[in-house]
Structures are given as C-alpha cells and as structure tokens.
Amino acid sequence: MRAKAAFLTVAHRLAILAYIAFALFPLFWLLKVAVTPNDLLYSEGIRLWPSRASLEHFDFVLRHSAFPVFFRNSLIVSGSTAIVVTILASLSGYALSRFRFRGKYWLVTLMLLTQMFPLVMLVAPIFKILSPLGLTNSLTGLVIVYTAFNVPFATFLMQSFFDGIPKDLEEAAMIDGATQFVAFRQIILPLTLPGIAATLGFVFTAAWSELLFSLMLISGNEQATFPVGLLSFVSKFSVDFGQMMAAGVLALIPACLFFLLIQRYLVQGLTAGAVKG
Amino acid sequence: MASIDIANIQKSYGIHPVLHKVDLKIRDGEFVVLVGPSGCGKSTLLRMIAGLESVTAGEIRIAGKRVNELAPKDRDIAMVFQSYALYPHMSVARNMSYSLRLRKTPKERIATVVAGAAAKLGLDPLLERRPRALSGGQRQRVAMGRAIVRQPKAFLFDEPLSNLDARLREQMRAEIKKLHKDLGATSIYVTHDQIEAMTLADRIVAMNAGVVQQVGSPLDLYDRPANLFVAGFIGSPGMNFFEGTHHVGDRPRFEIAGDIGIPLDAPAPLANNAKATLGIRPEHVVLAGHGPETLLATVDLVEPTGFGIILHLSLGRAGFKAFTNDRSFLTASGTIPVHFPTHALHFFDGEGNRV
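Definitions and cut-offs
- Residues numbered from 1 in each chain as written.
- Chains lettered and ligands numbered in written order.
- Predicted model: local features only at pLDDT ≥ 70, side-chain atom pairs only at ≥ 80, totals over all residues.
- Heavy atoms only, no water.
- Contact = heavy atoms within 4.5 Å.
- Buried area = accessible area lost by both parts, 1.4 Å probe.
- Salt bridge = Lys/Arg side-chain N within 4 Å of Asp/Glu carboxyl O.
- Polar contact = N/O pair within 3.5 Å; in protein donor to acceptor, adjacent residues only side chain to side chain.
- 1 Å grid on protein atoms, 1.4 Å probe; cavity = no way out; pocket = protein on both sides within 12 Å on 5 of 7 lines; lining within 4 Å.
- Points joined across faces, edges and corners; volume = space filled by probe spheres on them.
- Helix = DSSP H or I, 4+ residues; strand = E, 2+ residues; numbered from the N terminus.
- Nonpolar A, V, L, I, M, F, W, Y, C, P; charged D, E, K, R; others polar.
- Buried < 20%, exposed > 50% of the residue type's maximum accessible area, 1.4 Å probe, protein only.
- Expected span 1.5 Å × (residues − 1).
- Bend = angle between axes of the 7 residues up to and from the residue.
- Pairing = 2+ DSSP bridges.
- Axes fitted to C-alpha atoms, helices over the stretch in contact; angles between N-to-C directions.
- Parallel < 35°, antiparallel > 145°, perpendicular 65-115°, else oblique.
- Left-handed = near helix turned anticlockwise from the far one by under 90°.
- Domains from an automatic or database assignment.
- UniProt positions renumbered as here; feature names shortened; annotations may be inferred.

A word on the interface of chain B and chain A
When the parts of a complex come together, some accessible area is lost, and that lost area is often used as the size of the interface. Tallying the contact residues gives 26 residues for chain B and 25 residues for chain A. Each partner contributes to the roughly 2200 Å² buried at the junction of chain B and chain A, and carbon and sulfur atoms together form 60% of this total. The largest contributions to the chain B side of the interface with chain A come from B:Lys73, B:Pro88 and B:His89, which together make up 23% of the buried area. Where chain B meets chain A, there are 2 salt bridges. Between A:Asp176 and B:Arg150 there is a salt bridge, with the nearest N and O atoms lying 3.7 Å from each other. Counting across the interface, chain B meets chain A through 10 residue pairs in polar contact (both at pLDDT 80 or more).

Structure below.
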C-alpha cells in the first residue's frame, strides 16, 4: 500500500513537472534567444544555452529603439482599460446579480451576442466610427475599443462572483443602517476582491497582448503599443530576433508584476464563515 | 421599544398571492412567534416588517408611524438571520459595532456598548476573531450581539436556531428567552419548530398557505386549536384525528370506520349524523377501560423515548398514538383497553373548523 502511495505521489509530481516544462519552454526559449549574441545565433546550432550570454540586445532595445515608448503606451492603454472595465463590470455585474428589472433578459442576450462576432469583421466599421471623431491613431481610441470588447465578458465574470455572495449579508447591512450603495461598497465589494483581481488581470493581459486593433487603428511609432512595436523589429530583409526576444522578455515583466500583486486576492475563501458551513 | 401594527397586509409575486389579509397588533415588549410549515408566508411577513420586501397592499406601523415606504435602515429594527449573515471580513467587535459606526456613534460609547453586549453573551474572549474562526453557536451569539447593541425599536428573528444542533438549539432558546426578559424588547420570531414557538412566545401566530390560522397564547393554541391545521401542527407527538359521524340519542357516540363507536359523556355541538373529525392528544388517551363500551385497541408498535412511551395503536383501520409514563406498557402487545375522556376531545366540522 505504502509503495503504491509513494509511486502515485512520484507519478503525480512528474506529471506536473512535465506540464510545467511544456508550458514554460517557449518562455525559456524567448529568454535564451534574447541573451544570445548575434554572431552566435545562427552559428551554434540548436543548444539549450549559448556558449556566451550577453545583455547587448537588452541594452540596444532600451537605449536605441522606440521600445520604451511602446512600453509606456501599452502600460497606459492596458492599465486604463483594466481599471475602466473593472469599474463598469463591477457595477453592471452587481445589477445583473441583485436587481430584477425590465429588459434584463434581452440585455443579457445582447451582451452575449456581442461575444459571437469574429473581431476581424468589426475592424472596418470601427475604423469608420472612430476616424471622424479623431480617435484613430490615439491611445484613447484604443482604450474605448478595448473597453467595449471586454465589458460584456467581465460583467459576466463579476456577476458570477456577486452571485457567490449571500444576499443576507447586504440585507443585514441595510438593516444595520446602510443604504444599498453603502452596503455594496463596505460589505460586498471587499468580499469580491478575488473577483475584481481576476477581472483586472484578465482584462489587463487581454489588452496587453492585443494586436489586431492596435495594428489597424494606430499608425506610426508615437502611439504604437508594444505588440505593434514588436513588428518594427521585422524589416524588409531580416528579422532581428535577438532584439525582438529581448523586447518580449521586457514586456513580460509588468504582466508578471501585476499578477504577483493580485495573486493573494485570487485565492478564494475570503467569504468563509459569513454564513453557515 | 415600540408596538407594531400590521393592518390588512397582502403580498403577491406577480399574480401569485403569498399573504392574504394579515391583521396583527403586536404590543410593546411582546414576544410574538410566527409559526407554520415552510412556504406559509411567515418569513415573507417578517421581511416585509424589516423592509426587505415591498408591501402589495395594507399598512405596517412601527410605534404608530407608517413604514411601508421607509428603507430598512430608517425603520430602526434589528434582525437575526438564519444564516447569521456575519460580515466575514470584519472581526467580531467590528461586526457588532457596524450599525453604530454607520450612525457615527462616538468611539467611547461604541466601546462601552460592545463590551456590555459581549459580556452579556459571553463573547469577550472572541472580540478580535473573524467569523470563520467561530463555532456555529458562537456565530449565533455574535448575530444576537449585533442586534442588541443597537437598542432598536424591535427585534426580528428569522429562524435563528435552525442551523444549530439539537442541544445547542435548546441552550440558545433559553438564552433568547432570558435576553427578552432582560431587555423587554418587542420581538417577532419566525420558526417552523412548534416547540420553539411554544416555549418562547407570549403569543403565537399560526400560519398556513399565507393565511393566519389562529393567534393566541401557546396554551390557547394547545388546548383550544381553532382548526385542524393548528390542532395538527402544535404538539409533538401530534394530535390524533378520527373521521366519522356524530350520533346523538340516549347513548351519544362518535362512529368511525368499521362501525366502531367512541362513547361520549354528552353530545358534541354537532347535528345528528353530521360528518366531522374528532381529535385527541396522545397524552389524553387513557390506557384503561371500564364498562361494556370499552374500546379495544391493537398495539402496532412501542416507542420508548426515555421520558415516556409512545404507543402506536389502531382501532379498526384507524391508527393513532398514545403517550404514557407508565413503563409497564413497554411490553404491551395484542390488544389493550383504551378510553377517550370526553372533556379531552376536540371536534372539527366538515370545513375543519373547531366546534
């Protein structure tokens, strides 16, 4: 029995290890190429680690390319989108979870419907809408478009978190002397932090890696976000893999930091002890 | 503290009525229990008093003031929920003081009041804990503490003991009664447990299917149930019922299926040959007989409870129960003589109303 249990544990760990290796290998390769000097990139064949590592690509990307601009633009767009979407989705998700109102069914259907279109279909109409408003080639335009695309899903996400919080809690708060809004802010919202963190993270990464719309709506380096900027490492006759990968590694940093920051809220169980069980 | 007047209250969800014309006057300091099976509308009525459900028609007055349109926060009532509804992200002390903080009560006063309530409920050592670190009984106490720090006009209890185990429930029941004695606060308590209703109430309101069946003191409902529903709902083991026909004449009797006549000392206030239902509580069945009219009941089952013995008996096809403290019946079998004293009988007419 003990031998079997031990075997199962080992097998379990090995399976997890295999999965992690599989999932992280592309990231490792990104890093490996980023630190490989140009003269070794094509000459050494396929190796897990170059014979000589250097940070020259990072140095170039940070000091001599437009990457810091892309990076800043991406940070602005993704950050604002995440914040705006989360605020809107919290309010609408709460409404869908708690209130009965006319047209609710059709509103939900409509929101689901927006999720059914391939985005490519919408590029031309959106360009046509934004262009006369002067919102093409602008970060604000991008934030608006990303917000519009992310709000429906984020709303459903937030609604499911609100559904998980017993109604008794806000009723108790209302009897204790709170208005519905105060009960929402002081009782419900703190308990929804995991949901808010998840929504923030989801929207942030979605906006961070979005390529199609920023490619179509933005022209020129000044307003380009990072995914578009990466393409600038592809020139007519060559691809500068080293610099591109170095930029990619740098682009991972904020996403990692962001999740590090919110991961403690992603852990569920904050509502334990509120009601029975 | 305040009186609560409920006048002609109705509630419907869409076209489905759930409460039909409820009238109730609750006196200042009174402990009223709303009792009935689940779905009878008792919780809805409580939630309407709290302001958590809208009122379809009628009027609710707290301390003489109409509150139909008032938000829950403006009604100055406290409520204890079945689920306790403690705020999980706040310590016990902050849970209890939340209502006072919302009212911007001075800090020193909050500290005094919370300490007082905690002492009363034995919560002192737990004040800094979060609800998840408390047992069921402790959470229940915190929920009560949260209600009493307010000194509200009235306390509402929505099945507060349903989630506790039997022993703890008994203990908390006594504590609630003691607390009410101490505070003298107007209280409305919803339960489906008739024992809780009997032990706690000054007055019981028995409800079924959205209609108030009877309002009265616990013993009123026990001794003089207004109809079959109340008779069957109050008391455990429940009242025995026999359907049959009432016969007057020189030997008045109540005839049940199988031509079995239950002899009556005097005729009941029913017409001759009227179809009716006879009720008798298990503890009123006399397990002895005298004279030629003695009924012989078959013993189907003997249930010792320690406190007494519940005998499952039958007369013809009609089964019934008898309760006795006489342990010699532990070995009862075959048939035994039974007697139904006329003064302990209840009669209900064809509509199920007491006659």
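Text resumes after the structure shown.
Here we look at the layout of surface pockets
Of the voids in this model, the largest pocket is the one considered here, and its volume is about 460 Å³. Around the largest pocket, the lining comprises 15 residues; the ones closest to its centre are A:Arg98, A:Lys167, A:Glu171, B:Leu52 and B:Glu53. The dominant element in the lining of the largest pocket, judged by the number of residues it contributes, is helix 8 (residues 167-176) of chain A, at 4 residues. Grouping the constituent residues of the lining of the largest pocket by class yields 4 nonpolar, 3 polar and 8 charged. In terms of lining residues, the second largest pocket is bounded by B:Gln194, B:Ile195, B:Met198, B:Tyr222, B:Ile234, B:Gly235, B:Ser236, B:Pro237, B:Glu283, B:Phe307 and B:Phe323. Split into classes, the residues belonging to the lining of the second largest pocket amount to 7 nonpolar, 3 polar and 1 charged.

Section: unusual backbone geometry
Omega for the bond connecting B:Ser236 with B:Pro237 falls within 30 degrees of zero, at -5 degrees, which places this linkage in the cis form. Tracing the backbone shows B:Pro237 in the loop between helix 8 (228-233) and strand 11 (240-247). Within the chain, A:Asn137 stands out as a residue other than glycine whose phi angle is a positive 55 degrees. Classification of A:Asn137 as partly exposed rests on a relative accessible area of 31%.

So, helix 7 (residues 139-163) of chain A
Every α-helical turn comprises 3.6 residues, leaving residues that sit three or four positions apart pointing alike. Residue and element names in this part refer to chain A. Between its terminal C-alpha atoms helix 7 stretches 34 Å, which fits the 36 Å expected from 25 residues at 1.5 Å a residue. In the structure, helix 7 departs most strongly from a straight axis at valine 151, where the bend amounts to approximately 40 degrees and where the proline proline 152 lies between one and four residues downstream. Its side-chain oxygen at 3.3 Å from the backbone nitrogen of threonine 140, serine 138 defines the N-terminal cap of helix 7.

Structural notes on the sheet that holds strand 1 (residues 4-13) of chain B
All names here are of chain B. Pairing within the open sheet is antiparallel, and its 4 strands lie in the order 2-1-4-5. Looking at strand neighbours, the two that pair on one side only are strand 2 (16-26) and strand 5 (65-66), the edges of this open sheet. As paired elements, strand 4 (residues 57-62) and strand 5 share 2 bridges and run antiparallel to each other. Note that in strand 5 the partner of arginine 61 across the bridge is arginine 66.

Re the packing of helix 5 (residues 104-114) of chain A against helix 7 of chain A
Residues and elements named next belong to chain A. Where helix 5 meets helix 7, the closest approach of the two axes is 8 Å, and the angle between their N-to-C directions is 125 degrees. In terms of orientation, helix 5 and helix 7 fall into the oblique class. Between helix 5 and helix 7 the crossing geometry is left-handed. Within the contact between the two elements, helix 5 uses Val108, Met111, Leu112 and Thr114 and helix 7 uses Pro152, Thr155 and Phe156.

Brief notes about the domain arrangement of chain A
Residue and element names in this part refer to chain A. Assigned domains of chain A: these are domain 1 (1-54) and domain 2 (63-266). The straight-line distance from the C-alpha centre of domain 1 to that of domain 2 is 32 Å. Domain 1 puts 8 residues into the contact, and the matching count from domain 2 is 9 residues. Sorting the residues of domain 1 by area buried against domain 2 places Leu30, Val33 and Ala34 first, and these three jointly supply 57% of that buried surface.

Looking at the pairing of strand 10 (residues 211-216) of chain B
All names here are of chain B. Note: strand 9 (residues 203-208) against strand 10, 5 bridges, orientation antiparallel. When the bridges of strand 10 are listed, asparagine 208 appears paired with valine 211. Counted between consecutive antiparallel strands, the loop separating strand 9 from strand 10 contains 2 residues, among which alanine 209 sits at a positive phi close to 50 degrees.

Focus: the UniProt feature "transmembrane region" (unreviewed entry) in chain A
What UniProt calls "transmembrane region" (unreviewed entry) maps, in this numbering, to residues 12-31, 75-96, 105-127, 139-158, 187-208 and 241-262 of chain A. As a span, residues 105-127 of chain A carries 78% helix and 0% strand, and end to end its C-alpha atoms are 30 Å apart.

Here's the deal with the domain arrangement of chain B
Residues and elements named next belong to chain B. Along its sequence, chain B is organised into domain 1 (4-225) and domain 2 (240-348). Inter-centroid distance (C-alpha atoms) of domain 1 to domain 2 is 40 Å. Taken together, the contact between domain 1 and domain 2 spans 4 residues of the former and 4 residues of the latter. Surface buried jointly by domain 1 and domain 2 totals about 340 Å² across both partners, of which 46% is contributed by carbon and sulfur atoms. The three residues of domain 1 that bury the most area against domain 2 are Tyr222, Asp223 and Pro225, which together make up 97% of that side's buried surface. Viewed at the interface, domain 2 and domain 1 are joined by 0 salt bridges. Summed over the shared surface of domain 1 and domain 2, the number is 2 residue pairs in polar contact (both at pLDDT 80 or more).

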